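So the chains spell out like this:
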There are 2 protein chains.
Amino acid sequence: MAMRIGELAERAGTSVKTIRYYDRIGVLRPAERSESGYRLYGVDALDRYRFVRAAQAVGLRLGEIREIIALRDGGETPCGFVVDLIGRRAAELDARIAELVALRDELRSLDRRARRLDPRRCDPRLVCHVIDGGA
Amino acid sequence: MAMRIGELAERAGTSVKTIRYYDRIGVLRPAERSESGYRLYGVDALDRYRFVRAAQAVGLRLGEIREIIALRDGGETPCGFVVDLIGRRAAELDARIAELVALRDELRSLDRRARRLDPRRCDPRLVCHVIDGGA
DNA sequence: CTAAAGCCTCCCCTGTAGGGGAGAGTCAAG
DNA sequence: CTTGACTCTCCCCTACAGGGGAGGCTTTAG
């Protein structure tokens, strides 16, 4: 019935190190320990593992995932919390995307400008005229 | 003529720690050292500093900036290298932006789905039905 | 001369999600 | 009984750009 860490890792398609790490940070604790101290997991551990991965895949961090799980284990329905988290993360992503788009556009325009500049007229003092320090 | 590190940092509007760090990694070396070991910088150090910041601002990492500066100090015109770097960074950004947009879209659709789900029908085994581990 | 301010090197710390490996105990098969 | 596979804890390492602070010189102003 109970799996040891190696079997869980293999069934989950991950590494023993990762499972131990998940135990340590509290997202996936073993059901119990054997007398000799081995971690023993029930079959539900596999579902937990999949949940953790799915949550990671939508951009949640392990610390946040731990909070969700703690709510659930505390008897609460974490859905409201999760929806909040997802909303905030989406907003953060919007902001981040805007930054990256602006940066990319600047790089593209730098690129176009660079093609019109003559490398021989590059002032050594300024390292490279493609990138302008505003001096 | 020569500035010490504190004056340079102040004129550049940055911290002494940062200037020391730039020395350590080779992007901004002092012109010389005083007898007592103090870093002494020429006025051109300010231009160098501004270049480094400008390059950082367009997404180049200090390691890459160091390479650009090494080329320049080796007597070469780094423009070609810089153009390459910029092109590659722009392509990386495109890829990264696409990832983030996909992630954000998934979050948004998760968000919409969550609003239609009933929290009371959330299976505790799966932690939260908003995020589906595919079990 | 003395005190304050500035400077030096060296070392540890941050966040993220683990990876690598040492040294030691445990379990199953031959 | 032994060997090999498995497991345990503990500690250091990664990227990135510095920040914080200790302990000890040096310089400058009063």
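Residues numbered from 1 in each chain as written. Chains lettered and ligands numbered in written order. Predicted model: local features only at pLDDT ≥ 70, side-chain atom pairs only at ≥ 80, totals over all residues. Heavy atoms only, no water.

Asks: Help me understand the environment of Arg 89 of chain A, please; the structure alone is not making it clear to me.
Replies: Its place among the elements puts Arg 89 of chain A in helix α5 (residues 79-116). By relative accessible area, Arg 89 of chain A is classed as buried at 8%. The spacing of Arg 89 of chain A and Gly 59 of chain A is 30 residues in sequence and 7.7 Å in space, taken between C-alpha atoms. Ignoring anything within four residues of it in the chain, the contact list for Arg 89 of chain A reads Gly 59, Leu 60, Arg 61 and Glu 64 of chain A together with Leu 107 of chain B. (Helix = DSSP H or I, 4+ residues; strand = E, 2+ residues; numbered from the N terminus. Buried < 20%, exposed > 50% of the residue type's maximum accessible area, 1.4 Å probe, protein only. Contact = heavy atoms within 4.5 Å.)

Asks: Help me out: how do you make sense of the protein's contact with DNA strand C in this one?
Replies: Neighbouring DNA strand C are 20 residues, the closest being Lys 17, Tyr 22 and Tyr 38 of chain A together with Tyr 38 and Arg 39 of chain B. If you look at DNA strand C and keep only atoms within 4 Å of the protein, 69% of those are sugar or phosphate atoms. In this structure, a phosphate oxygen belonging to DNA strand C sits 2.9 Å away from a side-chain N or O atom of Tyr 22 of chain A. For DNA strand C, a phosphate oxygen lies 3.1 Å from a polar atom in the side chain of Gln 56 of chain A. (Near = heavy atom within 4 Å. Polar contact = N/O pair within 3.5 Å; in protein donor to acceptor, adjacent residues only side chain to side chain.)

Asks: Hey, could you run me through unusual backbone geometry in this one?
Replies: It is generally the case that most residues other than glycine have a negative phi and that most peptide bonds are trans. All names here are of chain A. Of note, the phi angle at Val 127 is positive, near 70°, even though the residue is not glycine. Its place among the elements puts Val 127 in the segment after α5. The exposure class assigned to Val 127 is buried, which follows from its relative accessible area of 0%.

Asks: Explanation requested: the interface of chain A and chain B in the structure shown.
Replies: Size of an interface, as often reported, equals the accessible area lost when the parts are brought together. Taken together, the contacts link 51 residues of chain A with 51 residues of chain B. For the chain A and chain B pair, buried surface summed over both sides reaches about 4400 Å², with 75% attributable to carbon and sulfur atoms. By the criterion of area lost to chain B, the three top residues of chain A are Leu 107, Val 127 and Ile 131 of chain A, representing 16% of everything that side buries. In this structure, the connection of chain A to chain B is made through four salt bridges. In this structure, the connection of chain A to chain B is made through six residue pairs in polar contact (both at pLDDT 80 or more). When contributions to the side of chain A that touches chain B are tallied by element, the ones reaching two or more residues are α3 (44-57), α4 (62-73) and α5 of chain A. Sort the elements by how many residues they give to the side of chain A that touches chain B and α5 of chain A lands first, with 22 residues. Of the residues that constitute the side of chain A that touches chain B, the class distribution is 32 nonpolar, four polar and 15 charged. (Buried area = accessible area lost by both parts, 1.4 Å probe. Salt bridge = Lys/Arg side-chain N within 4 Å of Asp/Glu carboxyl O. Nonpolar A, V, L, I, M, F, W, Y, C, P; charged D, E, K, R; others polar.)

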